[in-house]
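One letter stands for each residue in the lines below.
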Amino acid sequence: MTASLIEIARAHAPLLLLTTPLLAAALILLAPISRLSWAIGVAAMSGNVFLAMDAATRHLLAGPWGGDGVSPLAFDGLGLAGAAIIACTGALAVIAAGAVMRQFEPRERPLALALSLCVCGGWQGALVAQDLLGVFLASETAWLASVALVSLSSDRGALNGAMRMISAGAASAALFLLGAALLMRGTGVVRMSDLPLAQIAAPMSSAVGAALIVVSLAVKAALAPFHGWLAAALGRTSAFAAIMLASVGVVGALAVTARFAAYAIPAPSLGESVTSVLTALGVASVGIGSLQAIGAANVRRLAAYAGVAQGGGVLLALGLGSPAGFAAALLQMAALAAAGIAVLGGVAASGCKLSVDGLDGLGRRAPLSGAAMLVGALSLMGAPLTLGFLGRWRAIEAAVGVDLWWSAGMIIAASLAGAIYAGRLIERLYFRRAATPTPIQHDPWRVVIFPVLFGSVLALALGLEPSVLLRAAQAASLQIAGEAP
Amino acid sequence: MNAEMGLLAILVLPVAQAALVLACARPPGLRDAVYMLAACASAGVAFFLFNETAHGAQAHVVLARPLPNVDLAFALEPLGAMMALLIGGLGLLHAIHTAGFARATHEKSPVRLMAFMALSSACALGVAFSANLFTMFVALQALTLAAFPLVEHNGDEAAGGAGRLFLAVLLAASIGLFLPAMVWTYAIAGVLDFRPGGVLGGLANPISANLLLVMFVFGIAAAAVPPMHRWLTASRVAPFPALTSMYALTVLPAGCIGVFKVAAFVFGASGLGDAHLAARGLIVLAGAAMCAAALIALSKQDLRERLAYSCLAQSLAAVLGALLALPAGLFAAALQITALMCSAATLLMASGTIAAVTGRTQVSAYPGLGRVMPWTLAGFALASASMVGMPPFAGAWAKLWLIASSSSVGLVWVAVLVGLAAILTFAHLGPMAASALSARAPPDAFIRPDGASFLLVAPVALGAVATLSLLVFANSLSEFLSPVWTPPP
């Protein structure tokens, strides 16, 4: 019985990845008490983790695999790897919600949890959808849920962030639809997997269309110069929304960008425009994000700008257009998700002030949160033996492999900037004393600390022994290019 | 215990030392006993490893494989064993001195000081025993992070600024230069392993080889090749035990060893031949900077500043020897590192003792102190003589080999620079040591009624004895280190 159920679940895993969180969200709204809502959310996300990891193990690690065929919802290499990252990160965030949900009004708690599941479900849907319309619908679902989640905060300042998100989201949606229309008109195909072999009738409009889609997704991934909404949203919203947005929202959009790029780059006439846009956005994000992170005075804003810079690194790796570049991008996305959980979760778990000087001496006052933030900061700066270093190394190696030395230089520049802003975090945590004692730090007693610590342990463990992750990333990047390992 | 266990033990013991000191913070007697006992254990294991290496033992320990074909691995080889013996032996003296210093000065955070010094030792040992470039990169990064709290130890504005500069220079050089050089080497050679004779010889074209050498030498900023030396002069604000640790035992020697390993095990004679232009340019830079540092030291009245520049001059001599692309040059560099560690540790511990019991840190306040602190100032004078390069002290043999090896390849001007630096070193250390011993004793020299304790004096005296060690062991050391510059058949 159980085995047959598992087989059915496996057969419909792409559909379940999309629908489980959405159904759970509906159930949560009907649940009479908050704890039950949380339990439903945790159960749904745990199921998602199982499905995604099981599929990743079978398809990416077990051997050659040619994709799931022509179903509207199907796995492909990068989509599956991205969905696994989103499922794990989302599950950790939802588990952490058990403690941080108190920041919401009691009647808003189920709604916040339901919206967070919609964010996860939406991005996972966008990663398994095979045609551009499906990607659009799923990513808009995730985006609108994110906007609503941000606006739920009791701080009215969060509404400003939500408004900015609505504006950015509207522009992004318009660009995506316009881009998709141009692309379909020029290529005559709607399925992304058909793009590499498409007979392109109108190369120019197709190239513009593909570029517009990349820009549209870049807006949702908060890449420079379209990143203004992220700092505004993260700066004043609730801790839970901040974690979801930085670790699931941004990473989800980056994963969808990677997936689209992997189909568009091999297509004749599209590859050049897509790599150019990716590279330009990557350079801008690394430069602007790093500078703004160095100057940030608010921890969440610092994390937001650091995310922009790291996202720039992901785009630079994608812009290389090689399987090694896509694998490096996947590793960087995993590192970004883990660092986001560790840093923002650490801030939430300690309950410290959000200004950077609120971190002074936090390593002593809240040792577990401090340790998690330390690992997150080390990963952000690309310190050796962390997941962040692994991603950077592979990206530099991939850039050198295609003789794009300046791209390797940009990634190193991002690391240098990371050493400054993440080094500042570490200095504040462990080498400064708080000017005035602050009555916070319920650090060891909060449920939120466990997923946060798990995220940071993961960032370290996968940095120390990354062979499985490397195999999965390599298989994912090769599979989507039609070269099953 | 076999060699592999010894190798693991020597890396783990300082970490355990730090943890134990943190756990036994009170009472102070227990703290100091634990700290010294752990240092004693490290010294014992270091001696064991040295002995095993001398008998041909080999060990290779892989801790992780974070990248394909790249391990986080440590290997037992003669250079590492020599460094371990120096760090272990001098570290024991330093541990005793630190305990005395913390008591004499009523140090506010002795536990933190001791813990981070122990961690720095672990990282320096990691550099010494690193089996490949990646491991060395990791160990150097960890060393930077472990030594940073030592620079910031005093907690004031000056210490904060110095700490940030320290971190910025070392991390920026490491990430901006060492990391890309490492990736580039990997792209060319396909491996990052250290091998006698080098891995790049004949594989890298001259332009790549030249660029790589420059990137490596500046990327290992701990070696303080100008303009990467600013961390060294800025970190003088740290307390004396921290300075001893950074200049004599961990950061600066680790930098020198790093450059040595890159020259011997990554480039080799053949690779350095390919990078001839960069090697010559770096030799000119190191030689000129060595003389300039010794000259600048002469103008400094604060003893910590003077010793910082003096140590810089000595470390640059080691870099210079490593870049000569000769077995004799490598041997000279190894001797110079040994001499630097023994002499600098003795000088800095002596200065620390004087500062702790008399409160004097200015050069002008030293005359006559030898009359009231004969053992300490005698140690100071012997270590100064070694820094200058006076026979029969450790520094003399290093300078002699440096002059001989540079002359043998026609670089007579290098020999002249080495001689000039020795004269300038004499100028900034000699008269000070002489006046400290010969001038009239100052009235009310001590700020402590009981003068210097045994814990403060004995390590200085023993350190001074260590500067004489090369008189006996220079030839044996040459045989011991010969596998370093002899490629396997």
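How each quantity is defined
Residues numbered from 1 in each chain as written. Chains lettered and ligands numbered in written order. Predicted model: local features only at pLDDT ≥ 70, side-chain atom pairs only at ≥ 80, totals over all residues. Helix = DSSP H or I, 4+ residues; strand = E, 2+ residues; numbered from the N terminus. Buried ≥ 20, exposed ≤ 12 C-beta atoms within 10 Å, placed from the backbone. Contact = placed C-beta atoms within 7 Å. Rg over C-alpha atoms; globule rule 2.2 N^0.38 Å. Expected span 1.5 Å × (residues − 1). Nonpolar A, V, L, I, M, F, W, Y, C, P; charged D, E, K, R; others polar. Core = buried A, V, L, I, M, F, W, Y, C linked by C-beta atoms within 7 Å. Axes fitted to C-alpha atoms, helices over the stretch in contact; angles between N-to-C directions. Parallel < 35°, antiparallel > 145°, perpendicular 65-115°, else oblique. Left-handed = near helix turned anticlockwise from the far one by under 90°. pLDDT = per-residue confidence, 0-100. Pairing = 2+ DSSP bridges.

1. With respect to the overall build of chain A
Looking only at helices and strands, chain A has 19 helices and zero strands in total. Along the first, second and third principal axes, the C-alpha atoms of chain A reach 65 × 55 × 40 Å. By the burial criterion, 64% of the 485 residues in chain A qualify as buried. Counting contacts in chain A only where the partners sit at least 6 residues apart, residues at least 24 apart contribute 79% of the total.

2. Some words on the overall build of chain B
Looking only at helices and strands, one finds 19 helices and two strands in chain B. The C-alpha radius of gyration of chain B comes to 21 Å, within 12% of the 23 Å expected for a compact globule of 489 residues. Principal-axis analysis of the C-alpha atoms gives chain B an extent of 65 × 50 × 45 Å. When each of the 489 residues of chain B is scored for burial, the buried share is 63%. Pairs at least 24 residues apart make up 81% of the contacts formed inside chain B by residues separated by at least 6 positions.

3. Side note on helix α17 (residues 405–431) of chain A
Residues spaced three or four apart along an α-helix face the same direction, because each turn holds 3.6 residues. Given a rise of 1.5 Å per residue, 27 residues ought to cover 39 Å, and the 37 Å separating the end C-alpha atoms of α17(A) matches this to within 8%. With 19 of 27 residues buried, α17(A) is to be regarded as a mostly interior element.

4. A word on the interface of chain B and chain A
Often, the extent of an interface is quoted as the loss of accessible area on bringing the components together. Taken together, the contacts link 20 residues of chain B with 21 residues of chain A. The leading source of residues in the side of chain B that touches chain A is helix α6 (residues 157–189) of chain B, at 10 residues. Its residues placed into classes, the side of chain B that touches chain A shows 16 nonpolar, two polar and two charged.

5. Some thoughts on the nonpolar core
Core analysis: the largest hydrophobic core is formed by 430 residues, its most contacted members being A:V214, B:L143 and B:M290. Those residues within four positions of B:L143 in sequence are excluded, and the remaining contacts are B:S120, B:C123, B:A124, B:V127, B:A222, B:T250, B:V251 and B:A254.

6. A closer look at the packing of helix α4 (residues 110–129) of chain B against helix α5 (residues 133–151) of chain B
Residue and element names in this part refer to chain B. Two numbers describe how α4 lies on α5: the axes approach to 8 Å, and their chain directions differ by 165 degrees. Classified by the angle their axes make, α4 and α5 are roughly antiparallel. Note that α4 runs across α5; the crossing there is left-handed. Within the contact between the two elements, α4 uses R112, F116, M117, L119, S120, C123, A124, G126 and V127 and α5 uses M136, A139, L140, A142, L143, A146, A147, P149 and L150. Looking at the contact of α4 with α5 residue by residue, the class counts come to 15 nonpolar, two polar and one charged.

7. Looking at the environment of B:A294
Residues and elements named next belong to chain B. As for its position among the elements, A294 is in helix α11 (residues 276–299). Of the residues examined, A294 has 27 C-beta atoms within 10 Å and is grouped as buried. Considered as a pair, A294 and F426 are 132 residues apart in the sequence and their alpha carbons are 9.0 Å apart. Each residue touching A294, except ones within four places of it in the same chain, is listed here: S310, A313, A421, L424, T425 and H428.

8. Remarks on α4(B)
Between its first and last C-alpha atoms α4(B) spans 29 Å; for 20 residues at 1.5 Å apiece the expected length is 28 Å, and the two agree. Most of α4(B) sits inside the fold, with 18 of its 20 residues counted as buried.

9. Some thoughts on the confidence of the model for chain B
Confidence along chain B averages 90 in pLDDT terms, with 99% of residues attaining 70 or more. Predicted as a complex, the structure gets a pTM of 0.86 and an ipTM equal to 0.77.

10. Notes on the environment of B:Q336
Residues and elements named next belong to chain B. Relative to the assigned elements, Q336 resides in helix α13 (residues 327–358). Under the C-beta neighbour-count criterion, Q336 is labelled buried, with 30 such atoms within 10 Å. C-alpha separation for the pair Q336 and V111, spaced 225 residues apart in sequence, amounts to 32 Å. With residues up to four places along the chain from it excluded, the contact list for Q336 reads Q314, A317, A318, G321, A398 and L402.

11. A word on the pairing of strand β1 (residues 59–67) of chain B
Residues and elements named next belong to chain B. In this sheet, strand β2 (residues 70–76) lies alongside β1 in antiparallel orientation, the contact comprising six bridges. Looking at the pairing, A59 lines up with L76 of β2. The antiparallel pairing of β1 with β2 creates a hairpin that spans two residues between the two strands, and N69 there sits at a positive phi of about 65 degrees.

12. Focus: the packing of helix α4 (residues 77–100) of chain A against helix α5 (residues 109–128) of chain A
All names here are of chain A. In contact at an axis separation of 9 Å, α4 and α5 are set at 175 degrees when each is read in the N-to-C sense. Put simply, α4 runs roughly antiparallel to α5. Contacts between α4 and α5 involve G79, G82, A83, I86, A87, G90, A93, V94 and A97 from the former and L113, S116, C120, W123, Q124, L127 and V128 from the latter. Split by residue class, the contact of α4 with α5 holds 11 nonpolar, five polar and no charged.

13. Concerning unusual backbone geometry
In this model, A:A224 is joined to A:P225 through a cis peptide bond whose omega is 5 degrees. Its place among the elements puts A:P225 in the loop between α8 (203–220) and α9 (228–236). That bond from B:R26 to B:P27 is cis: its omega, 0 degrees, falls within 30 degrees of zero. Within the secondary structure layout, B:P27 lies in the loop between α1 (3–23) and α2 (28–54).

14. Here we look at the environment of B:V138
If you trace the backbone, B:V138 turns up in helix α5. C-alpha of B:V138 to C-alpha of B:G126: the two residues are 12 residues apart in sequence and 8.7 Å apart in space. Excluding residues that lie within four positions of it along the chain, B:V138 makes contacts with A:P384, A:L385 and B:L72.

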